[in-house]
Amino acid sequence: MDGVREMNFDQLFRQISPEEIRDNVFTLVGKVFPVITAGKVDNFNSMTASGGGFGMLFKKPTTWCILQATRYTLELIEKEQTYTMSYFPDEYKEQILFFGSKSGRDSEKMKEVELTSVKTPSGDMSYKEARLIIECRLTEITTPDPNDFCTQEAKDYLKEAYKDPNEYRKYVFGEITNVWVRR
Ligand SMILES: Cc1cc2nc3c(=O)[nH]c(=O)nc-3n(C[C@H](O)[C@H](O)[C@H](O)COP(=O)(O)O)c2cc1C
């Protein structure tokens, strides 16, 4: 998109309420992959995600996602207690998948990516090319027990995932604090 890199956050984005998000919820969690970004301007990291959802927790609009325990992004979420979920036009798919190709803990992926980072007014990080940015404040991290699940399919899946403690999936819930869409 022409000129995007030169524009500032206010020129690119306008704030909406969670209720005004127009995307179909199953498209956001099932068809397009959010980029989850945690950390502040001097040290931030992004990963590709899938699954999860949106809903109300303690009467607050909330997102949830399922992150493997080893993710560097999860480490930064726990450290900073805030993060963003960013959604992009299809043309950026390659870059979005790039965030999922290697860990920022032991690679230079954040320097290599061809997206333009931007700081939100509250100091969280996202990208100028995003079309929707959801800022979250960490509410809860839960590690589900395979025995909590009722279908054999889910039990089998989690038993497989839990063979190694590093492979645990954590359910991460975050209260939506701000929503931004491209102008
Ligand atoms: C399409 C796609 C979807 C992904 N979804 C998830 C996910 O929901 N949860 C997860 O923990 N990892 C998921 N990953 C893997 C992470 O993005 C990947 O391991 C990434 O390198 C982690 O980066 P980090 O260690 O820098 O945080 C996905 C990867 C791709 C390509």
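Structure: see above.
Anyway, here's the lowdown on the structure attached to this text. (Residues numbered from 1 in each chain as written. Predicted model: local features only at pLDDT ≥ 70, side-chain atom pairs only at ≥ 80, totals over all residues.)

Turning next to the pairing of strand S6 (residues 82-87). By the criterion of burial, S6 is predominantly enclosed, with six of the six residues buried. Burial along S6 is two-sided: Thr82, Thr84 and Ser86 and Tyr83, Met85 and Tyr87, pointing in opposite directions, are all buried. In this structure, strand S2 (residues 35-40) lies alongside S6, joined through three bridges in antiparallel fashion. Paired with Val35 across the two strands is Ser86, which belongs to S6. (Buried ≥ 20, exposed ≤ 12 C-beta atoms within 10 Å, placed from the backbone. Helix = DSSP H or I, 4+ residues; strand = E, 2+ residues; numbered from the N terminus. Pairing = 2+ DSSP bridges.)

On the secondary structure map, Arg137 appears in strand S9 (residues 132-142). With 17 C-beta atoms packed within 10 Å, Arg137 lands in the partly exposed category. Once you skip the residues sitting within four places of it in the chain, Arg137 turns out to touch Gln81, Thr82, Gly174, Glu175 and Thr177. (Contact = placed C-beta atoms within 7 Å.)

With that out of the way, let us pick up unusual backbone geometry. Of note, the phi angle at Phe58 is positive, near 50°, even though the residue is not glycine. Following the sequence through the fold, Phe58 ends up in the loop between strand S4 (53-57) and strand S5 (60-68). Located in the positive-phi region is Gln81, a residue other than glycine, with phi close to 70°.

Moving on to the site of the ligand. Around the ligand lies a shell of 19 residues, among which Met47, Thr73, Gly100, Ser103 and Gly104 are the nearest. Every element with two or more residues in the shell around the ligand is listed here: strand S3 (43-48), S5 and helix H3 (72-80). For the shell around the ligand, the class distribution of residues is seven nonpolar, nine polar and three charged. (Near = placed C-beta within 6 Å. Nonpolar A, V, L, I, M, F, W, Y, C, P; charged D, E, K, R; others polar.)

Turning our eyes to something else, we now look at the environment of Lys128. With respect to the secondary-structure elements, Lys128 resides in the loop between strand S8 (125-127) and S9. In this structure Lys128 comes out as buried when scored by C-beta crowding, with 20 C-beta atoms within 10 Å. When the C-alpha atoms of Lys128 and Pro61 are compared, they prove to be 24 Å apart, with 67 residues separating the residues in sequence. Excluding its chain neighbours within four sequence positions, the residues that come into contact with Lys128 are Val4, Arg5, Met7, Leu12, Thr116 and Val118.

What follows deals with H3. Residues of H3 that are buried include every one of Thr73, Leu74, Leu76 and Ile77, and no others. On an axial view of H3, the arc spanned by its buried residues comes to 160°, and they lie on one face. Residues of H3 that are buried sit in contact with S2, S3, S5, S6, S9 and strand S10 (169-182). One or two positions beyond H3, positive phi appears at Gln81, with a value near 70°. (Arc of directions from axis to C-beta.)

By the bridge criterion, six bridges tie S6 to S9 in an arrangement that is antiparallel. Bridge pairing in S9 places Tyr83 opposite Cys136. Inspection of the sheet shows S9 paired to S10 by ten bridges, in the antiparallel sense. Within S10, the residue paired with Glu140 across the bridge is Phe173.

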